[in-house]
Structure formats: structure tokens, C-alpha cells
Amino acid sequence: MAIKDLTNKTAEELNKHLLDLRKEQFNLRMQKGTGQLNQPHQLRRVRRDIARTKFVLGGKK
């Protein structure tokens, strides 16, 4: 998700989005551990989305 999209959200929405991303990251890590992850680039995408969300959330404080 682009930073422009994230800046339009409230802090509450960003926290919910961050929680969803962390759940997705956990699921991808479990898939990687069991050898079921077909698209390893998804881990990188989720990790970067988490960083973007935390960056915008920090700016809102």
C-alpha cells in the first residue's frame, strides 16, 4: 500500500492495518518453515508494508 493511501487513514485504522499485516507475516513465515511458500517475495512486501505503516503512524503522534 502506498504512503499516500496510509496518510488518509486515522491512527485507529492504521493500528488495525498493522495488526492484519503482522498476522499475514506470521502466516507467511509458517508457510516458509513448512516449505509451502510459493511466492517468497510476499515476505518482503509485507515487511515493507509494516515499515510504511509504522512510519506513518509515528508521524501521526
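Residues numbered from 1 in each chain as written. Predicted model: local features only at pLDDT ≥ 70, side-chain atom pairs only at ≥ 80, totals over all residues. Heavy atoms only, no water.

An unreviewed UniProt entry lists the protein under the name Large ribosomal subunit protein uL29, from Dyella jiangningensis. Under the UniProt heading Sequence similarities (unreviewed entry), the entry covering the protein gives this text: "Belongs to the universal ribosomal protein uL29 family." (UniProt positions renumbered as here; feature names shortened; annotations may be inferred.)

Draft legend 1. Structural detail: the side chain of His-17. Checked against the element boundaries, His-17 lands in helix H2 (residues 11-34). Look past the residues within four positions of His-17 in its chain and what remains in contact with it is Met-1, Leu-6, Lys-9 and Thr-53. (Helix = DSSP H or I, 4+ residues; strand = E, 2+ residues; numbered from the N terminus. Contact = heavy atoms within 4.5 Å.)

Draft legend 2. Highlighting the packing of H2 against helix H3 (residues 41-60). Look at H2 against H3: their axes get within 9 Å of each other, and the N-to-C directions meet at 160 degrees. The orientation of H2 relative to H3 falls into the category roughly antiparallel. Seen from above, H2 lies across H3 with left-handed handedness. Note on element contacts: H3 touches H2 through Gln-42, Leu-43, Arg-45, Val-46, Arg-47, Asp-49, Ile-50, Thr-53, Lys-54, Val-56, Leu-57 and Lys-60, opposite Ala-11, Leu-14, Asn-15, His-17, Leu-18, Leu-21, Arg-22, Glu-24, Gln-25, Leu-28, Arg-29 and Lys-32. Across the contact of H2 with H3, the residue classes break down as 10 nonpolar, 5 polar and 9 charged. (Axes fitted to C-alpha atoms, helices over the stretch in contact; angles between N-to-C directions. Parallel < 35°, antiparallel > 145°, perpendicular 65-115°, else oblique. Left-handed = near helix turned anticlockwise from the far one by under 90°. Nonpolar A, V, L, I, M, F, W, Y, C, P; charged D, E, K, R; others polar.)

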